[in-house]
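Chains, contacts and geometry: an overview
Below are the chains, spelled out letter by letter.
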Amino acid sequence: MNEAITVVYKLYVSPNISVSNYQPLDNPTYNNFWSQDIKVSALSAQNGTYKGKPYRYVTLKRVVLYPKNPVS
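The written sequence of each chain sets the order in which its residues are numbered from 1. Totals for whole chains, interfaces and linings use every residue, but because this is a predicted model, local features are given only for residues with pLDDT of at least 70 and side-chain atom pairs only at 80 or more, for both listing and counting. Processing note: side-chain calculations cover all non-hydrogen atoms of the structure and skip hydrogens and water entirely.

We now examine the overall build of the protein. Working definition: helices are DSSP H or I runs of at least four residues, strands are E runs of at least two. Numbering for both runs from the N terminus. Per the secondary structure count, the protein includes 0 helices and 4 strands. Reading the protein from its N end, one meets helices and strands in the order β-β-β-β. As defined in this context, the radius of gyration uses C-alpha atoms, and a globule is described by 2.2 Å times the residue total to the power 0.38. Its C-alpha radius of gyration of 15 Å places the protein more than 25% over the 11 Å reference for a compact globule of 72 residues. The dimensions of the protein, computed from C-alpha atoms along their principal axes, are 55 × 30 × 20 Å. Throughout this description, buried means an accessible area under 20% of the type-specific maximum (1.4 Å probe, protein chains only), exposed means over 50%, and partly exposed covers the range between. Expressed as a percentage of its 72 residues, the buried residues of the protein come to 14%. Residue contacts are defined here by distance: any two heavy atoms, one from each residue, within 4.5 Å place the two residues in contact. The long-range share in the protein, meaning contacts at least 24 apart out of those at least 6 apart in sequence, stands at 73%.

Set out below in structure tokens:
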């Protein structure tokens, strides 16, 4: 309780696909949380696996969420 959590948005794609010119359409809202964006310096593709299959992923966004105290 009252601890910050980090949310990481990643886009997973086939190893044969590249990602370029990414632009977010909308920023999500986080009810009952204050949020602080952590700058992602560049879209850098990394190799990884998901459910045992090879993928490439790009970290699109990082956000730290702080819970708001409930109003009494």
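From this point, the discussion proceeds with the structure in view.
Cavity means a closed set of points on a 1 Å grid over the protein atoms alone, one where a 1.4 Å probe fits but cannot get out, pocket means an open set with protein on both sides within 12 Å along at least 5 of 7 lines, and lining means a residue has an atom within 4 Å of a point. Grid points are joined across faces, edges and corners, and a volume is the space filled by probe spheres set on the points. Its boundaries defined by the atoms lining it, the largest pocket holds a volume of some 200 Å³. Among the elements that line the lining of the largest pocket, the one with the most residues is strand 4 (residues 53-67), at 3 residues. Polarity classes work like this: nonpolar for Ala, Val, Leu, Ile, Met, Phe, Trp, Tyr, Cys and Pro, charged for Asp, Glu, Lys and Arg, and polar for all others, with Gly in that last group. Looking at the lining of the largest pocket residue by residue, the classes come out as 8 nonpolar, 1 polar and 3 charged.

With that settled, consider the side chain of Lys61. Locating Lys61 in the fold gives a position in strand 4. Identification of polar contacts relies on pairs of N or O atoms within 3.5 Å, with a donor-acceptor requirement for protein atoms, meaning one able to donate a hydrogen and the other able to accept it, and with residues adjacent in sequence counted only if both atoms are side-chain atoms. There is a polar contact of 3.3 Å between the side chain of Lys61 and the side chain of Asn27. Once residues lying within four places of it in the same chain are set aside, the contact partners of Lys61 are Val7, Val8, Tyr9, Asn27, Pro28, Tyr30, Asp37 and Val40.

To continue, consider the packing of aromatic side chains. Stacked, tilted and edge-to-face are the three classes applied to pairs of Phe, Tyr and Trp rings, where Trp contributes its six-membered ring and a pair requires centres within 6.5 Å; stacked means planes under 30 degrees apart, edge-to-face means over 60, and tilted covers the rest. Here the structure, examined in full by the defined rule, presents 4 aromatic pairs. Ring geometry for Tyr50 versus Tyr55: centroids 6.4 Å apart, planes at 75°, classification edge-to-face. Overall, the relative accessible area of 44% leaves Tyr50 in the partly exposed class. The partly exposed category is assigned to Tyr55, whose relative accessible area is 26%. Aromatic ring contacts, followed pair by pair, group Tyr12, Tyr50, Tyr55 and Tyr57 into a single cluster.

On to the side chain of Thr59. Within the secondary structure layout, Thr59 lies in strand 4. Classification of Thr59 by relative accessible area gives buried; the value is 13%.

Just distances and angles here, no functional claims.
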